[in-house]
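As a plain string of letters, each chain reads:
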Amino acid sequence: MVGKSKTAHALLRRSTTLTVVVAAVLSNAAQAQQAATPSTSVLEEVLVTAERREVSLQDTPASATVLTADAIAAQGIDNVSEIQQVAPSVAINTYNRSTFINIRGVGISQSAPTSNPGVAYYIDGVFIPHEQFIGQSFFDFESIEVLRGPQGTLTGQNSTGGAIYVRTPTPDFDEFSGYIDQTIGDYDWYRTVAALNIPVTDTLAVRVSGVYDDRGGFTDNIGPSSAEPGSGTDQAVRAAVRYQPVEGATFDLRYEYFKRETDNNAVKNRADLVTRDPFTIEEDALSFLDQDGYRASLEGRFDLPADTQLRVLTSYFDAETTDQADGDRTATAPAVPANLPTSGANTTIYPGRIGFTHQELETFVTEVNFLSRGEGALQWVVGGFYMDETSPVQVYRDNRSTVTYTQSNSTIDTELTNESISAFGQVDYRFNDRWAVDVGLRQSKDKQEYTRFVIPGPPPPGCFPCTTDVESDETTGRVGVKYFANDDVMMYGTVSRGYKAGGINLDPRLPNYDPETNEVAELGIKSTVADGRLRINGAVFYSEYDGIQLSALVPLGTTFIPNTLNAAPAEIYGAELELTGQFGGLGFNLGLSALQSEFTEDAMLTDSQTNTNRLVPEGSIVPFAPEMTANAGIQYEFLIGNMTLTPRVQVSYLDEQLATPFRYQATTVPSRTITDLRVTLVPMDNLRLEAFATNVFDKEYISAQLQDASSARGGMLYGAPRQYGVRAKFDF
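Residues numbered from 1 in each chain as written. Predicted model: local features only at pLDDT ≥ 70, side-chain atom pairs only at ≥ 80, totals over all residues. Heavy atoms only, no water.

Q: What is the right way to read the overall build of the protein from this model?
A: The number of helices and strands found in the protein is 3 helices and 42 strands. A globule of 732 residues ought to have a C-alpha radius of gyration of about 27 Å, and the protein, at 26 Å, matches this closely. C-alpha extents for the protein along the principal axes are approximately 80 × 60 × 50 Å. Going through the 732 residues of the protein one by one, you find that 57% of them count as buried. Across the protein, contacts joining residues at least 24 apart in sequence account for 68% of those joining residues at least 6 apart. (Helix = DSSP H or I, 4+ residues; strand = E, 2+ residues; numbered from the N terminus. Rg over C-alpha atoms; globule rule 2.2 N^0.38 Å. Buried < 20%, exposed > 50% of the residue type's maximum accessible area, 1.4 Å probe, protein only. Contact = heavy atoms within 4.5 Å.)

Below, the structure written as C-alpha cells:
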C-alpha cells in the first residue's frame, strides 16, 4: 500500500504518546474506578425531532433511521458519506466541493449554483441549503436522523427525497464536564475532538467543542507537482449558550466556524497511460480545495397558556470555497502555446489546462412555529419559513498553464439570489386507543434571480450583464393513518408529496428548467418485541417522480455550456427493513432495502460522454438508485473483572448505480461490500479505548464517477483502502 513507509514512524511516535497519556490517566484514576456494569438488556427509546418536538421513532409514520451518539461511536461514523453504510436506501457521492445525497433514488446529481437539494440537511434545526457546505464540521453529535421519502410539510425549502437531521448536545446546567477523543490511524490520520460543558449559573450554561482532523492521502502523485490530492485538514469550533431566565422560556445561541484546507480530490484519469494503479496519479498542477465559513443561530422557545408553545429560529450562514484543479488530469499534456489562440481546435491539440473556481454563499433563514405541548390526543404545529440567499460564482479555465492559474481563457462570472417563502401546518389526532390520523399541508413559493456578467463564448446580442428570474410555487404535504395493534406494534399508511423548485440555466439562450415533484404511497410497521429487546421496522413504497432535474454539458456555438433540464417521469418502488436487537451483552443491527426504478416515458437528454442529445428509452433506470443496499453489525460485550471488552463486526453493501441515465464504464459506480472490525475496551466508566480496521479485506472500489465539466475533465474517485488505527476517549 502506498503511504505505509512514510507514515510508519509517525504512527509509532503518536501511538507511543497516546499510550503514555492513557497509562497516566489509568494510574491517576485507578482508585476512583467503579465496577463495570453490563449493558442494558433492552433497547433504549429512540426519539425523532424532525416534527419540531421529540416524538418516539416507533410512533412516527415514516421510514427513518435514527443513530444515537453511542451508535455513531460504535459504528465509527466520522463523516457524512458514511451515513450510507448504516442507513438503507441512501447513496452519497462526494467529490469536488459537493456532497450529493440521494435517498430512494431521489435527491441531487448536479452542482449548478441554481439547483436545490432534494434531501434537506439540518444542523440543530438550521437548514443548510446547498450541497457544498454539509460535509464540514462532522463531530460531537448527539443524534443523526435519516428520514426517507418526501418531507413536504415541515422540512426546509421542501424536499423530494428525504431529510437528514443532525443534533449536537445542548449545554447542561447540572455539572462541569467534557471529554477528549483522540484517533490515530495509518496514512497519517490524526483526529482530535474535544468538548467542554460549563454551567455558569442555574439559568445559564455554555458548551464549547472543536475538532482537528488531519488526513494524509491514499493516493501517490508521481507528477512534478508538490500537491498530494486526497490529503487535507478539517478544523472547526462550535459554541452553544443556553439561557433559561424563567421557567417556560429557553434561548439557544449557537455559533460554528469551520475551515477546510485540502489538496483537492485524487481523481484517477480514465485514460491514464502511465499506470493503472488506482492509487497512483500523475499531475503537475498545484491542486487545492479550501473552504471556510461560519453559521450562527438563535432559537427561542416560549411556553404559552393552553399547552401551547412559540418557537422562533433565525440563522445566518456565510461561507466561501476556492479550488484549483489539474484540468487535464495528467503531467504531460501541453498547454496552448502563447503564439496560438485558445480556440477549440488548439485546445484539442494542446489539452493542458488549469481549472479555478470561487464561490461564496450568504444565507439568512427564519422559521416560526406555533405548536401544541403535552401528551394530549391532539397534537399540531403551524408555522412559516423564509430563506434569502446570495451566491456569486466565478469559474475560470486557463489553457496557457498546467501548474497554477494565471489568466482566464474561458470565464463564468454570475450571481444568484434565492428567496423561498412557505406556510405549513400539521395535525396529529389519536381519536381512540387504536387509531390516529395525521394531515400536513405546505404552500411554497420560490423565486430565483440569476445575473450573468460573463459566460464562455460570444454573448447573446444586447444581453450582458443579463438577468433572468423565475418563480415556482407548489402545494405539498402528507396524509397518514396509524393503527396501534398494541403498545408495541404500530402500522401506518401515508401518501406524501414533495417538490424541488425550478431554476435558471447559465446561458440565457437555454430555457429555464421546471420544478420536480415526488409523490409517494407508503405502508409500514413499527414494532418492539421480545420484551423490549428487538425492534423491527419495515416499509414498502411506490413513488411517482416527475420532472427530474439532470444536468450535463451541451454544445452552444464553439463551446460547451452546463445545462440543467427536466427528464421524463419515473416510477420507483421498493421495500425496507431494519432490525435492532439487544439481548444482554449481544447487540446487533440489520438494514436492508430493495429498489426498482425506471423512466416511464422516452426522453431526449444530454449524454455527458458525447455531449449530444440522445434518447433515454422508457424503462431505463434512474441515476443514483441502487437496486439493493444492506448493512449489518454484531457485537458482544464481555465482562472481564471490572472492565468490558466489546468486539464488533459490521458490513455494508451498496449495489451498482449510474451517475447519469446513460450506461458507460465512465458513468457506472460498481457495487461494493465493505467490512469493518472494531474492538472496544472500557477499563473504567469514563475511559473508552478502541482498535479498529476499516475495509479489512482491502476491497478496491470506485466511490464516485466524475463527469466532464467546463473547466476540468472527469475521472474516477476510489474509496479508501484498508486502514487501521486506535482511538481513546476520556470523559471528565
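Additional details are given in the paragraphs that follow.
Q: Help me out: how do you make sense of the sheet that holds strand β9 (residues 162–167) in this one?
A: The strands that make up a sheet pair up through hydrogen bonds in the backbone, lying either parallel or antiparallel. An order of β3-β8-β9-β6-β7 is seen for the 5 strands of this open sheet, with the pairing classed as mixed. With partners counted over all chains shown, the strands left at the sheet margins are β3 (64–68) and β7 (126–128), one partner each. Within this sheet the neighbouring strands show an average axis-to-axis angle of 15°, counted without direction. Where β3 meets strand β8 (residues 143–148), 5 bridges bridge the pair, whose relative direction is antiparallel. Along β8, the bridge assignment pairs Thr-68 with Ser-143. (Pairing = 2+ DSSP bridges. Axes fitted to C-alpha atoms, helices over the stretch in contact; angles between N-to-C directions.)

Q: Even after reading the chapter, I still don't get empty space enclosed by the protein, so can you show me in this structure?
A: To find leftover empty space, one rolls a probe the size of a water molecule over the atoms. Per the stated rule, a full pass over the model turns up 16 cavities of 30 Å³ or more. There is about 150 Å³ of room inside the second largest cavity. What lines the second largest cavity is a set of 14 residues, among which Glu-51, Gln-151, Leu-154, Gln-426 and Arg-478 lie closest to the centre. (1 Å grid on protein atoms, 1.4 Å probe; cavity = no way out; pocket = protein on both sides within 12 Å on 5 of 7 lines; lining within 4 Å. Points joined across faces, edges and corners; volume = space filled by probe spheres on them.)

Q: Got a minute to help me understand the environment of Gln-426 in this structure?
A: One can find Gln-426 in strand β21 (residues 410–430). Aside from chain neighbours lying at most four places away, what touches Gln-426 is Glu-51, Thr-153, Leu-154, Gln-379, Trp-380, Val-381, Val-439, Gly-440 and Arg-478.

Q: Please explain the pairing of strand β14 (residues 232–243) as it appears in this structure.
A: On a regular strand, each side chain points to the face opposite its neighbour's, so the side chains alternate between the two faces of the sheet. As judged from the 12 bridges shared by strand β12 (residues 204–215) and β14, these two strands associate in the antiparallel manner. If you follow Arg-207 over to β14, its bridge partner there is Ala-240. Sheet analysis places β14 next to strand β15 (residues 249–262), joined by 12 bridges and oriented antiparallel. Across the sheet, Gly-232 pairs through a bridge with Thr-262, a residue of β15. Connecting β14 to the antiparallel partner β15 that follows it, the hairpin turn spans 5 residues, and Gly-248 within it adopts a positive phi of roughly 95°.

Q: Help me out: how do you make sense of a negative patch on the surface in this one?
A: Side chains of Glu-360, Glu-362, Asp-388, Glu-415, Glu-419, Glu-449 and Asp-469 sit close together on the surface and give a patch of like negative charge. Elements with a contribution of two residues or more to the negative patch: β19 (354–372) and β21. Position of Glu-360 relative to the elements: it lies in strand β19. Its relative accessible area of 34% is what places Glu-360 among the partly exposed residues. (Patch = residues over 30% accessible without salt bridge, like charges linked within 9 Å, V, L, I, M, F, W, Y side chains within 5 Å. Areas by Shrake-Rupley, 256 points an atom, 1.4 Å probe, with all protein chains shown as cover. Salt bridge = Lys/Arg side-chain N within 4 Å of Asp/Glu carboxyl O. Lys, Arg positive; Asp, Glu negative; His and termini not counted. Charge placed at Lys NZ, Arg CZ, Asp CG, Glu CD.)

Q: I would appreciate a short explanation of the packing of aromatic side chains in the present structure.
A: Two aromatic rings are characterised by how far apart their centres lie and by the angle between their planes. Per the stated rule, a full pass over the model turns up 24 aromatic pairs. Taken together, a centroid distance of 6.1 Å and an interplanar angle of 70° make the contact between Phe-127 and Phe-385 edge-to-face. Taken together, the residues Phe-127 in strand β7 and Phe-385 in strand β20 (residues 378–398) connect sequence positions 258 residues apart. Neither residue differs from the other here; Phe-127 and Phe-385 are each classed as buried. Among the aromatic residues, those joined into a ring-pair cluster are Tyr-122, Phe-127, Tyr-165 and Phe-385. (Phe/Tyr/Trp six-rings, centres within 6.5 Å; stacked < 30°, edge-to-face > 60°.)

Q: Looking at this structure, I do not really get the nonpolar core. What am I missing?
A: What tends to happen in soluble globular proteins is that the nonpolar side chains get buried as a cluster. Grouped together as the largest cluster of nonpolar side chains are 25 residues, with contacts concentrated most on Ile-83, Ile-101, Tyr-121, Phe-138, Ile-144, Val-146 and Ile-164. Elements with a minimum of two residues in this core: α2 (69–74), β4 (90–95), β5 (98–103), β6 (119–123), β7, β8 and β9. The element that contributes the greatest number of residues to this core is β6, accounting for 3 residues. (Core = buried A, V, L, I, M, F, W, Y, C linked by side-chain atoms within 4.5 Å.)

Q: Explain a nonpolar patch on the surface here, please?
A: A cluster of nonpolar side chains, namely Leu-378, Val-427, Tyr-429, Phe-431, Trp-435 and Val-481, defines an oily patch on the protein surface of about 520 Å² accessible area. Topologically, Tyr-429 is positioned in strand β21. Among the residues examined, Tyr-429 registers a relative accessible area of 36% and is labelled partly exposed.

Q: Explain unusual backbone geometry to me, please; I cannot follow it from the model alone.
A: Most peptide bonds take the trans configuration, and most residues that are not glycine carry a negative phi. With a phi close to 110°, Asn-158 is a non-glycine residue in the positive phi region. Looking at where Asn-158 falls in the secondary structure, it is placed in the loop between β8 and β9. Take Asn-158: its relative accessible area is 3%, and that puts it in the buried class. Phi at Ala-306 takes a positive value of approximately 60°, unusual for a residue other than glycine.

Q: Please clarify how the pattern of salt bridges should be interpreted in this entry.
A: Any two side chains of opposite charge can pair, given that their charged atoms come close. Under the definition given, this model contains 38 salt bridges. For Glu-299, the salt bridge goes to Arg-254, with nearest N and O atoms at 3.3 Å. With Glu-299 in strand β17 (residues 288–304) and Arg-254 in strand β15, this pair connects stretches of sequence that are 45 residues apart. The partner of Asp-303 in a salt bridge is Arg-373, and the shortest N-O contact between them spans 3.7 Å. In this pair, Asp-303 sits in strand β17 while Arg-373 sits in the loop between β19 and β20, placing the two residues 70 residues apart along the sequence. On the basis of relative accessible area, Asp-303 is assigned to the partly exposed category, the value being 34%. Through salt bridges with shared partners, a single ionic network connects Arg-52, Asp-124, Arg-254, Glu-299, Arg-301, Arg-311 and Glu-367.

Q: What exactly am I supposed to notice about the environment of Glu-519 here?
A: Looking at where Glu-519 falls in the secondary structure, it is placed in strand β25 (residues 516–529). According to the relative accessible area criterion, Glu-519 is partly exposed, its value standing at 33%. Note: C-alpha distance between Glu-519 and Glu-544 (25 residues apart in sequence) is 5.2 Å. Among residues more than four places away in sequence, those in contact with Glu-519 are Ser-496, Arg-497, Tyr-542, Ser-543 and Glu-544.

Q: Help me understand the environment of Trp-435, please; the structure alone is not making it clear to me.
A: If you trace the backbone, Trp-435 turns up in strand β22 (residues 435–454). Among the residues examined, Trp-435 registers a relative accessible area of 37% and is labelled partly exposed. Through-space distance from the C-alpha of Trp-435 to that of Thr-342 is 70 Å; in sequence the pair is 93 residues apart. Residues within four places of Trp-435 in sequence aside, it is in contact with Tyr-429, Arg-430, Val-481, Lys-482 and Tyr-483.

Q: Help me understand the pairing of β25 in this model?
A: In terms of strand pairing, strand β24 (residues 489–500) meets β25 through 12 bridges, oriented antiparallel. Within the sheet, the bridge partner assigned to Val-495 lies in β25 and is Ala-521. Note: β25 against strand β26 (residues 534–546), 13 bridges, orientation antiparallel. Counterpart to Ile-525 in the pairing with β26 is Gly-538.

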